[in-house]
Amino acid sequence: MYADTQNDITRQVVRVAQLLLAYGADSELVEEISQRLGYALGLVSVEISISSNSLVLTSLVHGRCITTTRRTREHGINMTIVCELQRICLLTEKGIYGLNEVRKRVARIEPKTYPAKYVVPMIGLSCASFCHLFGGDIAACVITFMASAIGMFVRLSIAKRHFNLLLNFSVTAFVTTIIAQTGFQFDLTETPKLPMAASVLMLVPGFPMINAISDMVKGHLNVGISRWGHATLLTLASVIGITMAMQIGGLFL
Amino acid sequence: MMSLILAMLNDAVFSAIPAVGFAMVFNVPRRFLPFCALAGALGHGSRTLWLSAGLPIEWATFLAAALVGIVTIGFAKRHLAPPLMYAVAAIIPMIPGTYAFNTVIALVQLTAQSHVSPELTSEVISNGLKTVFILGALSVGLAMPGLLYFRSRPVI
């Protein structure tokens, strides 16, 4: 194997690892996929070191090492891309894909998200079902639906303008809680507290939390702790929004 | 008996909806959405069953999460997709939302007061402990099949 081929393979492998980290795969999966892809493309060993915002990868063939570093940025969770990369890895392992096909398919990847007109009502319905599961009546469920659908719309609109995620969560929690309070203010429902608890559940950072624990359990302690810190910060940001809205509504103090 | 089945069906249906909703936020491909719904319904339904059998909520959540972990590994093997893709959306309905909300609100009220009141403190501690332990049960239960069975080989 010539040096430029090793360069090329290493670049593809590190690109795959970078995409996986950016779109929300856990460290174990990133390590597994990049190693298997590297072996399938003919590398003898692939070692990878992941930290909270960068990754270092070393590939070895014929006693020649290449070490390369990539900066990773969070791009929000996109399971479609993670799925696609896993499929590329499996197809390469079976010998169906060579280096050229891998390069072509990795270059073609771009994040596709569900359009807002489907996500907004679905999140409204989701939070309304939470409210129902917590034991709320019909009016409480309707309030929850309105609050969380409008909140989700605000969240998506802010995210489109690339604001800081923490700011986004604060503002969304504020708007959502302001609307969810109407049950308290106008005496519409028997269970006025439940819409407020249920509608902010769309801000629970579920993926970072689960990824954090599954990283820590499997020994990637520093990535796990940094993800846990991120999830905690997001929760704190939404708590600030909720508190401001409740103070304006005069529910306590 | 009949009322238990009805309660389980109710839970299953109303936790399948959030599973799909959150799967859409995580951009799970459309052909896998029904499987997220199925896993979510199974998880929450089985938790109701364990709760009615008299288990405390932490253990019931742990067992339900382990069931979700096993089921989603089955899906992952069939579709050649990462198991966490289904699992995270499926356990979202079991996240202890009201406990977490009560903890935080009591905490903020405690900050706003000039003296420490025992009622608010006890509410913070009891709700907070429930939140932490249910969350821990969820994520460790989910990791259980990987820790026990797929120790040294990849799932797919």
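It should be emphasised that the depicted structure is a prediction, and the values quoted were computed from it without experimental measurement.

## Observations regarding the overall build of chain B
What chain B contains, in helices and strands, is 6 helices and 0 strands. For chain B, the α and β elements follow one another from N to C terminus as α-α-α-α-α-α. If one aligns the C-alpha atoms of chain B with their principal axes, the spans along those axes are about 60 × 40 × 30 Å. Taken across its 156 residues, chain B has 51% of its residues classed as buried. Long-range pairs, those at least 24 residues apart, make up 70% of the contacts in chain B between residues at least 6 apart in sequence.

## What to know about the sheet that holds strand E2 (residues 54-61) of chain A
Two modes of strand pairing occur in sheets, parallel and antiparallel, and in both the strands are linked by backbone hydrogen bonds. All names here are of chain A. If you trace the 3 strands from one edge of the open sheet to the other, you get E1-E2-E3, paired in antiparallel fashion. Unpaired on one side and paired on the other, strand E1 (45-50) and strand E3 (64-71) mark the two borders of the sheet. Adjacent strand axes in the sheet meet at a mean angle of 15°, parallel and antiparallel pairs treated alike. Looking at chain direction, E1 and E2 are connected through 6 bridges and run antiparallel. When the bridges of E2 are listed, isoleucine 50 appears paired with leucine 55. Helix-sheet contacts for helix H2 (residues 27-40) involve E1 and E2, and the interaxial angle to E1 is about 155°.

## Concerning the pairing of E3(A)
All names here are of chain A. Within E3, only 0 of the 8 residues are buried, which leaves the element largely exposed. Where E2 meets E3, 8 bridges bridge the pair, whose relative direction is antiparallel. Directly across from serine 59, in E3, lies its bridge partner isoleucine 66. Hairpin remark: E2 followed by E3, antiparallel, with 2 residues in the connecting loop; positive phi at histidine 62, about 45°.

## Some thoughts on helix H5 (residues 97-112) of chain B
For H5(B), which comprises 16 residues, the first-to-last C-alpha distance of 23 Å matches the rise-based estimate of 22 Å (1.5 Å per residue) to within 8%. Every buried residue of H5(B) is listed here: Gly97(B), Tyr99(B), Ala100(B), Phe101(B), Asn102(B), Thr103(B), Val104(B), Ile105(B) and Ala106(B). Of the surrounding secondary structure, the elements contacted by the buried residues of H5(B) are helix H5 (116-133), helix H9 (193-199) and helix H11 (221-249) of chain A together with helix H6 (118-148) of chain B.

## Some words on the domain arrangement of chain A
All names here are of chain A. Examined at the domain level, chain A breaks down into domain 1 (3-108) and domain 2 (116-249). Taking only C-alpha atoms into account, the centre of domain 1 sits 34 Å from that of domain 2. Counting residues at the interface gives 8 residues for domain 1, matched by 9 residues for domain 2. Of the residues in the side of domain 1 that touches domain 2, the class split is 2 nonpolar, 4 polar and 2 charged.

## Quick look at the confidence of the model for chain A
Mean pLDDT over chain A works out to 91, with 99% of the residues at or above the 70 mark. By mean pLDDT, helix H8 (residues 182-186) of chain A is the weakest element of chain A at 83, and helix H7 (residues 165-180) of chain A is the strongest at 95.

## As for unusual backbone geometry
Its identity is not glycine, yet His162(A) carries a phi of approximately 60°, on the positive side. Among the residues examined, His162(A) registers 8 C-beta atoms within 10 Å and is labelled exposed.

## Side note on the interface of chain A and chain B
Each partner contributes residues to the interface: chain A has 41 residues there, and chain B has 36 residues. Counting residues per element, the ones that place at least two in the side of chain A that touches chain B are H2, helix H3 (79-93), H5, H9, helix H10 (206-217) and H11 of chain A. Here the residues of the side of chain A that touches chain B are counted per class, giving 28 nonpolar, 10 polar and 3 charged.

## Concerning helix H3 (residues 57-79) of chain B
Along its 23 residues, H3(B) runs 32 Å from first to last C-alpha, staying within 8% of the 33 Å computed at 1.5 Å per residue. One or two positions beyond H3(B), positive phi appears at Leu80(B), with a value near 55°.

## Thoughts on the environment of Arg227(A)
Residues and elements named next belong to chain A. Summarising the element assignment, arginine 227 is placed in helix H11. Judged by the 27 C-beta atoms lying within 10 Å of it, arginine 227 is buried. C-alpha separation for the pair arginine 227 and glutamine 181, spaced 46 residues apart in sequence, amounts to 32 Å. Apart from residues lying up to four places away in sequence, arginine 227 is in contact with Pro208, Asn211, Ala212 and Asp215.

## Describing the packing of H10(A) against H6(B)
For the pair H10(A) and H6(B), the least separation of the axes is 10 Å and the interaxial angle reads 60°. It follows from the interaxial angle that H10(A) and H6(B) lie oblique. Crossing of H10(A) against H6(B): the hand is right-handed. Contact residues: Met209(A), Ile210(A), Ile213(A), Ser214(A) and Val217(A) in H10(A); Leu135(B), Ser139(B), Val140(B), Leu142(B) and Ala143(B) in H6(B). Classifying every residue of the contact of H10(A) with H6(B) gives 8 nonpolar, 2 polar and no charged.

The rules we used
- Residues numbered from 1 in each chain as written.
- Chains lettered and ligands numbered in written order.
- Predicted model: local features only at pLDDT ≥ 70, side-chain atom pairs only at ≥ 80, totals over all residues.
- Helix = DSSP H or I, 4+ residues; strand = E, 2+ residues; numbered from the N terminus.
- Buried ≥ 20, exposed ≤ 12 C-beta atoms within 10 Å, placed from the backbone.
- Contact = placed C-beta atoms within 7 Å.
- Pairing = 2+ DSSP bridges.
- Axes fitted to C-alpha atoms, helices over the stretch in contact; angles between N-to-C directions.
- Expected span 1.5 Å × (residues − 1).
- Domains from an automatic or database assignment.
- Nonpolar A, V, L, I, M, F, W, Y, C, P; charged D, E, K, R; others polar.
- pLDDT = per-residue confidence, 0-100.
- Parallel < 35°, antiparallel > 145°, perpendicular 65-115°, else oblique.
- Left-handed = near helix turned anticlockwise from the far one by under 90°.

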